[in-house]
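Listed here are the chains, written in short residue letters.
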Amino acid sequence: MVTIGVVNFGGQYNHLIKRRLEDMGFTARLISSIEPLDIITREFDCLIVSGGSWNIPADLPRLGNAPRYVLEFPGPVLGICLGHQLMAYEYGGVLTSNKPEFGGVRVTIDDEDTILRGVDREFTAWESHNVSVEREPAGFTVLAHSSTVRVQAMANERIMRYGVQFHPEVKHTQFGDVILRNFAELCR
Amino acid sequence: MFIPEEFTKAVINEIRRLEIRCAIAAVSGGVDSTTSAVITRLAINDRLIPVLFDTGFMRINEPTEVTESLRGLLPIRLIDVKEEFYTAMMGLSDAEEKRVRFRSTFYSALSKLVKDNGCDWLVQGTIAPDWIETVGGIKTQHNVLAQIGIETDKVYGFKLLEPLKELYKDQVRALARFLGVPASIVNRQPFPGPGLSIRAVGLLTMEKLNVVKWSTKIVEEGLNNLGLSQWFAAAWEDERVYDEELNKRVKDLGRGLTVETFKVKGTGVKGDSREYGRIAVVSGELNKWSDAFNLYPRLTYGTDVTHVIYELGDGGAKGGKFFVTIRAVTTSDYMTADVPKLSRGILTKVARELAKNDSVSSIGFDVTPKPPATIEFE
């Protein structure tokens, strides 16, 4: 049985990620980022690192072992919102804090890759962020953009790292279920 | 996957394993509290005493209508606590202060009831978004105690039973249908715990509360059967300040648009953080009606504005002192919410009705989704 760990930074939608995955028939558990990496590695097939009110890099000390999960977890990792920013930062990308987006935003796909397969070229995604990714890390491909934010989704297929700035777990994001399922299927 | 039948069986078994002398269930007539009372009654029968508090902040005739519609399913005791709540809450202005005061008044009254009846448990309809928002510091939901470390048996003298606390609204509705809860309750739009006290935005007075009660009825009737998830009215003093910087942001969306901000503040949620910020109102002619729904990114990105209201006009109002806002959203789980693209015609019609109240100055429509706004204003 595939078990997906959802790293919980207290964001509003973290519990909703668990619910969506369970609705799809996967097993998901919320986990705290104080758990040591080896335990996380033993218990989970893949990880989702989601949102919270913290800013990167200022609040990095509050994220516990999450930076290590993002860099060293052997299986697939999906970063959502804060998790996406953390992933970009840890692999050497550049963040900015002056391009906020809230509510519904039109997102355009540049390269569908694995996680955006089956999604329309343009779709409405739900956002809630102040910080965003300005430049993707080396080795990552930009998968989608909006009129405000250039890196709405990114991937490094070789090391199984994926990031989305928007929230696929909320009902108002079109194709959100498709995106979560695409990732969850990688965990098998 | 959520299966109501299995969930019901599991919950009944769990409740029967608890030592319960008797339990009070606080029912508001909403689907969450009603369903948790119904499912608990299946487990402990008459050892459950369902009560409904008439706080004075419910809608016109609501307490008796709810009690009536649940006859047969739940023998509800209707308890009048209006005086206690009015004394505790009138004169408060800050959103969180209102919510926290409502909660303490609510639980003091419940605590007394539990003692008077020799009970030891309280059943309530807390669901996932309630504790997620409270724990996350977005807003204090009146029914969240255990999750923020309040030990209810020490403070209030009862243990807390929350059979639905992991569920979302759509799951609760499926469960309610399975348990035979009447459709009028299953489909009832959610109503905040502190009731209309938080829709009388800012300073809470009897006069403002009455405007809200009256306006709520008009909006509920005027926007009925449109497939909305929630639709209601809120009111506050029509006191505004012109804002030059905000005006520049919307210039191209119409001719002679004016942006002002109200003196009262409203609650929003931006980047997972609570924001208690300004409510902006845009007046003047838009290039096209659909631009009303493009106003909020301009005014909420990178500012402290949490709600954007498009002013529909005074509708012939006679210069009262309260601005009334029509709020309508679509959502399935209330974690995010979109603004329905209602026609200007239908809104204007409702606005004209609202203008008939002498206390009303002008009417607007809230065009902000959640996030960056919350569904309610406080």
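Note that the coordinates shown come from a computational prediction; the quantities given were computed from them, not determined experimentally.

Chemist: I keep staring at unusual backbone geometry and nothing clicks. Help me out?
Modeler: Comment: phi is negative for the bulk of residues other than glycine, and the bulk of peptide bonds are trans. Of note, the bond from Ile56(A) into Pro57(A) is cis; its omega dihedral lies within 30 degrees of zero at 10°. The topology assignment puts Pro57(A) in the loop between β3 (46-49) and α3 (66-72). The omega torsion of the bond from Lys370(B) to Pro371(B) falls at -15°, within 30 degrees of zero and hence cis. Residue placement: Pro371(B) occurs in the segment after β12 (360-366). Despite not being glycine, Phe175(A) has its phi angle at roughly 65°, a positive value. Looking at the element boundaries, Phe175(A) is found in the loop between β11 (161-164) and α5 (176-186). A positive phi angle, near 65°, is found at Tyr334(B), a position not held by glycine. In this structure, Tyr334(B) sits in the loop between β11 (322-329) and α13 (344-354).

Chemist: Explanation requested: the sheet that holds strand β5 (residues 159-161) of chain B in the structure shown.
Modeler: Think of a sheet as strands paired side by side through backbone hydrogen bonds, with each pair either parallel or antiparallel. Residues and elements named next belong to chain B. Read from one edge to the other, the open sheet built from five strands follows the order β3-β2-β1-β4-β5, with strand pairing classed as parallel. Taken across any chain shown, the strands that pair with only one partner, and hence form the sheet edges, are β3 (77-80) and β5. Each strand axis lies, on average, 30° off the axis of its neighbour in the sheet, ignoring direction. Here four bridges tie strand β2 (residues 48-54) to β3, and the two strands are oriented parallel to one another. Bridge pairing links Leu-52 to Leu-78 in β3. The strands that helix α2 (residues 31-44) touches are β1 (23-26), β2, β4 (121-123) and β5; relative to β2, the one it contacts most, it runs at about 160°.

Chemist: Mind showing me how you'd approach the interface of chain B and chain A here?
Modeler: The extent of an interface is frequently quoted as the accessible surface area lost upon association of the parts. Listed by partner, the interface residues are 32 residues for chain B and 26 residues for chain A. Summed over both partners, the interface of chain B with chain A buries about 2,300 Å², with 51% contributed by carbon and sulfur atoms. Taken as a group, Asp272(B), Tyr301(B) and Thr336(B) account for 27% of the area that chain B buries against chain A, more than any other trio of residues on that side. Our enumeration of links across chain B and chain A arrives at two salt bridges. A salt bridge links Arg19(A) to Asp170(B); its shortest N-O distance comes to 2.7 Å. Applying the counting criterion to the chain B and chain A interface returns 14 residue pairs in polar contact (both at pLDDT 80 or more).

Quick notes on the rules
- Residues numbered from 1 in each chain as written.
- Chains lettered and ligands numbered in written order.
- Predicted model: local features only at pLDDT ≥ 70, side-chain atom pairs only at ≥ 80, totals over all residues.
- Heavy atoms only, no water.
- Helix = DSSP H or I, 4+ residues; strand = E, 2+ residues; numbered from the N terminus.
- Pairing = 2+ DSSP bridges.
- Axes fitted to C-alpha atoms, helices over the stretch in contact; angles between N-to-C directions.
- Contact = heavy atoms within 4.5 Å.
- Buried area = accessible area lost by both parts, 1.4 Å probe.
- Salt bridge = Lys/Arg side-chain N within 4 Å of Asp/Glu carboxyl O.
- Polar contact = N/O pair within 3.5 Å; in protein donor to acceptor, adjacent residues only side chain to side chain.

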